[in-house]
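# Understanding the architecture of this molecule
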Amino acid sequence: MSPPTPPQVSLKWTHTPEEVKIWMQEAIDDYHAVEDRVAALQPDDCTFESLALALAEAERITIVEQLPLYQNVSPSKDLREASDAAAMLMKNFLVDSSMRLDVFRAKQVAKANIKRTGKALSEEEQRLVEKTILDGSRAGLALPEAEREQLTRLNKELSQACGEFCSNCNEENGHVSFTLEELKGVPADVIAGYTKRSEDDKDVYDVTFQYPDMLPLLKCAENPETRRIAYGGFEGRLAVNEPVLNKMLQLRRQVAKLLGYASWADYVTEVKMVKTAKGVEKFLSNVADQLHPIGLKDREVLLALKKTEHEEKGLPFDGEFYVWDNKYYERMQVEKSLSLDQQLVKEHFPVPVVVPAILEIYQTLLGVQFVESEGETWHPDVQLYAVWEKDATEPSDFLGYLYLDIYPREFKFSGAAVWPIVPGYDMANGTRRYPVAAMVANLAKPIPGRPALMQHSDVVTFFHEIGHAFHELLSRTRFARFHGTTVALDFGEAPSQMLENWCYEPKVLQRMSSHYETGKPLDADLAESIRKRRYAHLPYHSRYVNVGLSYLTQVHFSTFDLKVHVDEESADYTKLWNDIRESVGLLKSGPLRGAPYTFDHIAGGYDVGLYGYMYSLVFAADMYATVFQADPLDPERGRRYREKVLRPGSSKDESDILKDFLGREPNAEAFAQQLFGTHTLSLA
């Protein structure tokens, strides 16, 4: 039986640039009107109903998340530019809004009245009150007027710099070009996807800096000079962002100083699980200390492979291991040590099979169903799904909409991410506003005679990102502020990181694989080799192949992110990046320059957040080992995960969510055991 008609229509995606401007101005005007009404309240009229709910309603108006999505996926330059301008208009307004002392004082009076009258609030209502007061304190509303005005100006400049940095990343469309001989080793199906043209009476292939083009080259190109040139172009592609990054970091230092924080890092971490910049530093130091000897042995193994290959091919060998060597020799080591042919693995993961299979696995685990729907989208490649409870019979069984935009194209966001377009919340009239999310990825496109194929790493990424989408779709909170993935960033990755484990379970691998020619799933031996790739017990007692270098790269990124937000002075950020890559990541940079200016996380909301990927891995390992490892596809365990972890959004403290799900306080034992074969690792 088909589900009923959704109680909420899908979104419009045919806006003109002019409509975007009007739309944003109307949202701003509505929000401004609500704030004016709140600011005009008499003290006795400042109650939860008149204030907290009114501002919560206004917050919904401002969540115009179609604009950031247009900025990242629209094929229309005019629409992207209009969305950029409208988003900046909203950011500037929100800066002004955050500095409204009259509204903040009304909030303070309302909180005092609630306490004085003994009004009973639900847990989520009380959390809303506390968070709105904290917002004002962190915005600097206790500062003298002159300093508040200075802070407003600095925050607007900072918003503009961040927007410019991200816009430059999205608009980048460069490439490097190679002959067929220079691309020796790169799979033929990958080369077939490159643009071929003539230059100086010879055929060359243009390799864009998008991951589906670049990553196979770095993994497979036999010529080290090809890899060096490609990596150099990749890291140097956004030199235009150098002055933008310098300005952005200087502004953050000034804002933190005005607010009375020791650093921007201390300001940001105050509302995260880790709480302080010192906590981040200690966590990264603890992880790096244990990973360092493992990383050295990893590098020793890979450097030996490089030495042997260079001797066999008569190539010069200088005894160094460069960053452009890493992916190539890592692939070689995996194939040699585990007899794992990654091209053969890829042939078992055609996109038209894998994507529906992954959705089906989630449907079974979480008790939902996907129904492909008709509706407007921003590009013909995009698919729209209505998501329902498994046995939906009533409109109230509707859960929300999900858009999938999975193929690369020019001027599109080049990574993989989920956009929370519309949050779920209860409306004033008693009805429900249902969430809408979009998953954006860049899987390889099909070529003549062969469907699009996915590397196993692509499968893991897809599984991970769909996990974020379900955090949006299955959260159920009263207020939009707390919906879905609004949790602290150093917890936010944990649910999806936990779900990555499914991609190494042989029975799950066989369920979502089908060779594009024979239709046969991965055989048991190949599935087991993939499992061993993650859980192989190597001589240095790591449960993960190349765990040292792999995770030290993440520590390198996180250390750079922390240091630039703790240091009081500017620096040569390319030199700093390369120095940390060598001392922490154990990889030589050679002549490479420009990597920090491609680091879009630092401008897009993940500032002092990169450590969170590893920090949340601790919780992910604990959740998987405690609840799912015994039976990963058990719907009962899936229901427990849905109710305890996904449903609350950020309406509860993250530590309480973990305790509720695990039945105890979280710990780092499972993470330490997986990585180091020990139970000792400190979170802070």
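In this convention, every chain numbers its residues from 1, walking through the sequence in written order. It should be noted that, the model being predicted, local features are given only for residues of pLDDT at least 70 and side-chain atom pairs only at 80 or more, the latter also being counted only at that level, while totals for whole chains, interfaces and linings use all residues. Remark: hydrogens and water are excluded; side-chain values derive from all non-hydrogen atoms of the structure.

## Details of the overall build of the chain
Helices and strands together make up the secondary structure of the chain, namely 27 helices and 10 strands. For 684 residues, the compact-globule estimate of 2.2 N^0.38 gives 26 Å, and the C-alpha radius of gyration of the chain, at 26 Å, lies within 12% of that figure. Counting only C-alpha atoms and orienting by the principal axes, one finds that the chain spans roughly 85 × 65 × 55 Å. Note on definitions: a residue-residue contact is assigned when non-hydrogen atoms from the two residues lie within 4.5 Å. Partitioning the contacts of the chain with sequence separation of at least 6, the portion at a separation of at least 24 is 73%. We get accessible surface area from the Shrake-Rupley algorithm with a probe of 1.4 Å; when it comes to residues, only the shown protein chains can shield them. Taken as a whole, the chain presents about 28200 Å² of accessible surface, with 50% of it coming from carbon and sulfur. In this tally, Asp and Glu contribute negative charge and Lys and Arg positive charge; neither His nor the terminal groups of the chain are included. Where a charge sits is defined by one atom per residue type, namely NZ (Lys), CZ (Arg), CG (Asp) or CD (Glu). The distance from the centre of the 77 positive side-chain charges to the centre of the 102 negative ones in the chain is 3 Å. A run of H or I in DSSP becomes a helix once it reaches four residues, and a run of E becomes a strand once it reaches two; helices and strands are each numbered from the N terminus. The atom set for the radius of gyration is the C-alpha atoms, and the globule formula is 2.2 Å times the number of residues raised to the power 0.38.

## Some remarks on the layout of surface pockets
Of the pockets and cavities examined, the second largest pocket occupies roughly 370 Å³. If you go around the second largest pocket, you meet 19 residues; those closest to its centre are E281, L284, S285, T559 and L562. For the lining of the second largest pocket, the elements supplying multiple residues, two or more each, are helix 13 (277-313) and helix 22 (547-564). With 8 residues, the top contributor of residues to the lining of the second largest pocket is helix 13. Partitioned by chemical class, the residues of the lining of the second largest pocket number 8 nonpolar, 5 polar and 6 charged. Grid spacing is 1 Å over the protein atoms alone, the probe is 1.4 Å, and a cavity is where that probe fits but cannot get out, while a pocket is an open set with protein on both sides within 12 Å along at least five of seven lines and lining residues have an atom within 4 Å of a point. Grid points are joined across faces, edges and corners, and a volume is the space filled by probe spheres set on the points. Just so you know the grouping, Ala, Val, Leu, Ile, Met, Phe, Trp, Tyr, Cys and Pro go in nonpolar, Asp, Glu, Lys and Arg go in charged, and all remaining residues, Gly too, go in polar.

## Brief notes about the packing of helix 16 (residues 351-366) against helix 17 (residues 456-474)
Angles run from 0 to 180 degrees between N-to-C directions of axes, and those axes are lines fitted to C-alpha atoms, restricted for helices to the stretch in contact. In contact at an axis separation of 11 Å, helix 16 and helix 17 are set at 45° when each is read in the N-to-C sense. Classified by the angle their axes make, helix 16 and helix 17 are oblique. The handedness of the crossing between helix 16 and helix 17 comes out as right-handed. Along its contact with helix 16, which presents V354, V355, I358, L359, I361, Y362 and L366, the element helix 17 presents V459, F462, F463, I466, G467, F470 and L474. The scheme is simple: roughly parallel for angles under 35 degrees, roughly antiparallel for over 145, roughly perpendicular for 65 to 115, oblique for anything else. In this scheme the crossing of two helices becomes right-handed for a clockwise turn of the near helix relative to the far one and left-handed for an anticlockwise turn of less than a right angle.

## Digging into unusual backbone geometry
Here K275, not a glycine, exhibits a phi torsion of approximately 80°, which is positive. Note on placement: K275 falls in the loop between helix 12 (264-269) and helix 13. With a phi close to 65°, L586 is a non-glycine residue in the positive phi region. Since its relative accessible area comes to 4%, L586 is described here as buried. For every residue, the accessible area obtained with a 1.4 Å probe (protein chains only) is divided by the maximum for its type, and the residue is called buried under 20%, exposed over 50%, and partly exposed between those limits.

## Considering the packing of aromatic side chains
Centre distance within 6.5 Å is the pairing criterion for rings of Phe, Tyr and Trp, where only the six-membered ring of Trp is used; planes under 30 degrees apart are then read as stacked, over 60 as edge-to-face, and the remainder as tilted. Summed over the entire model, instances satisfying the criterion amount to 38 aromatic pairs. Here W577 and F599 contribute two aromatic rings whose centre-to-centre distance is 5.2 Å and whose plane-to-plane angle is 75°, an arrangement assigned as edge-to-face. In this pair, W577 is assigned in helix 23 (residues 573-583) and F599 in the loop between helix 23 and helix 24 (611-628), connecting sequence segments 22 residues apart. Each member of the pair, W577 as well as F599, carries the same accessibility label: buried. Members of the aromatic cluster, each reached through a chain of ring pairs, are F283, F491, Y611, Y615 and F619. Positioned above the aromatic ring of Y267 is the side chain of R138, whose terminal nitrogen or guanidinium carbon lies 4.0 Å from the ring centre. Counting as a charge over the ring demands two things of the Lys NZ or Arg CZ atom: a distance within 6 Å of the ring centre and an angle within 35 degrees of the ring normal. Directly above the aromatic system of Y328 lies the positively charged group of R227, at a separation of 4.1 Å from the ring centroid.

## A short note on the pattern of salt bridges
A pair is scored as a salt bridge if a Lys or Arg side-chain nitrogen falls within 4 Å of a carboxyl oxygen belonging to Asp or Glu. A full pass over the atoms with the stated rule returns 50 salt bridges. One connected set of salt bridges, linked through shared partners, spans E35, D36, R100 and D102.

## Description of the sheet that holds strand 3 (residues 202-208)
Each pair of strands is called paired provided DSSP finds at least two bridges between the two strands. Spatially, the 3 strands line up as an open sheet ordered 1-3-2, and their pairing is antiparallel. Whereas interior strands pair on both sides, the edge strands pair on one side only; in this sheet they are strand 1 (175-178) and strand 2 (195-199). Here the average twist between neighbouring strands, direction ignored, is 35°. Of the strands in this sheet, strand 1 and strand 3 are in contact with helix 9 (residues 211-220), which crosses strand 3 at around 110°.

## Describing the nonpolar core
Only buried residues count toward a nonpolar core. Its members are Ala, Val, Leu, Ile, Met, Phe, Trp, Tyr and Cys residues joined through side-chain atoms within 4.5 Å. Core analysis: the biggest nonpolar cluster contains 170 residues, and L217, L404, F462, W502 and M512 have the highest contact counts within it. When neighbours within four sequence positions are excluded, L217 is seen to be in contact with F178, L183, V186, Y194, V207, T226, R227 and A230. Counting residues in hydrophobic clusters, the runner-up holds 35 residues, among them A58, F93, F398 and V436.

## Concerning the packing of helix 24 against helix 27 (residues 669-676)
The interhelical angle for the contact between helix 24 and helix 27, taken along N-to-C directions, is 100°, at an axis separation of 7 Å. Considered as vectors, helix 24 and helix 27 are oriented roughly perpendicular to each other. Taking contact as the criterion, the partners of M614, L617, V618, A621, D622 and A625 in helix 24 are, on helix 27, A670, F671 and Q674. Across the contact of helix 24 with helix 27, the residue classes tally to 7 nonpolar, 1 polar and 1 charged.

## As for helix 24
Since the α-helix packs 3.6 residues into each turn, any two residues three or four apart lie on the same face. A helix's residues, less one, multiplied by 1.5 Å, set its expected span. Compared with the 26 Å implied by 1.5 Å per residue over 18 residues, the 25 Å span of helix 24 between its first and last C-alpha is a close match. In terms of burial, helix 24 is a largely internal element, 15 of the 18 residues being buried.

## Things to note about the environment of G236
Within the secondary structure layout, G236 lies in the loop between helix 10 (224-235) and helix 11 (242-259). Of the residues examined, G236 reaches a relative accessible area of 34% and is grouped as partly exposed. The spacing of G236 and P596 is 360 residues in sequence and 9.3 Å in space, taken between C-alpha atoms.

## Here we look at the environment of V186
Inspection of the secondary structure puts V186 in the loop between strand 1 and helix 8 (188-191). Sequence separation of V186 and L218 is 32 residues, and the distance between their C-alpha atoms is 8.7 Å. The contact partners of V186, leaving out residues within four places of it in the chain, are I191, Y194, L217, C220 and A221.

## Points about the sheet that holds strand 6 (residues 398-405)
Strands sit in the order 4-5-6-10-7 across an open sheet of 5 strands; the sheet is mixed. Pairing within the sheet leaves two strands with one partner each, and these edge strands are strand 4 (368-372) and strand 7 (417-422). Here the average twist between neighbouring strands, direction ignored, is 25°. Where strand 5 (residues 383-389) and strand 6 come together, 6 bridges link them in antiparallel fashion. Opposite A386, over in strand 6, you have Y401 as the bridge partner.

## Some points on the confidence of the model for the chain
Detailed reading of the predicted coordinates is not advisable wherever pLDDT falls low. Within the chain, residue pLDDT values average 92, and 96% of them lie at 70 or more. Confidence scores per residue from the predictor, reported as pLDDT, run from 0 to 100. Below a pLDDT of 50 lies the segment residues 535-543, which in the model reaches 28 contacts outside its immediate sequence neighbourhood of four places, other chains included.

## Some words on the pairing of strand 3
Where strand 1 meets strand 3, 4 bridges bridge the pair, whose relative direction is antiparallel. Looking across to strand 3, one finds that F178 is bridged to Y205. Of the pairings in the sheet, the one linking strand 2 to strand 3 comprises 5 bridges and is antiparallel in character. Looking at the pairing, K196 lines up with Y205 of strand 3. Remark: 2 residues form the turn of the hairpin made by strand 2 and strand 3, two consecutive strands paired antiparallel; D200 in that turn has positive phi of roughly 55°.

## Some words on the environment of V487
For V487, the position within the fold is in the loop between helix 17 and helix 18 (489-492). As for V487 and K272, which are separated by 215 residues in sequence, their C-alpha atoms are 8.8 Å apart. Each residue touching V487, except ones within four places of it in the same chain, is listed here: H471, G492, G649, S650 and E654.

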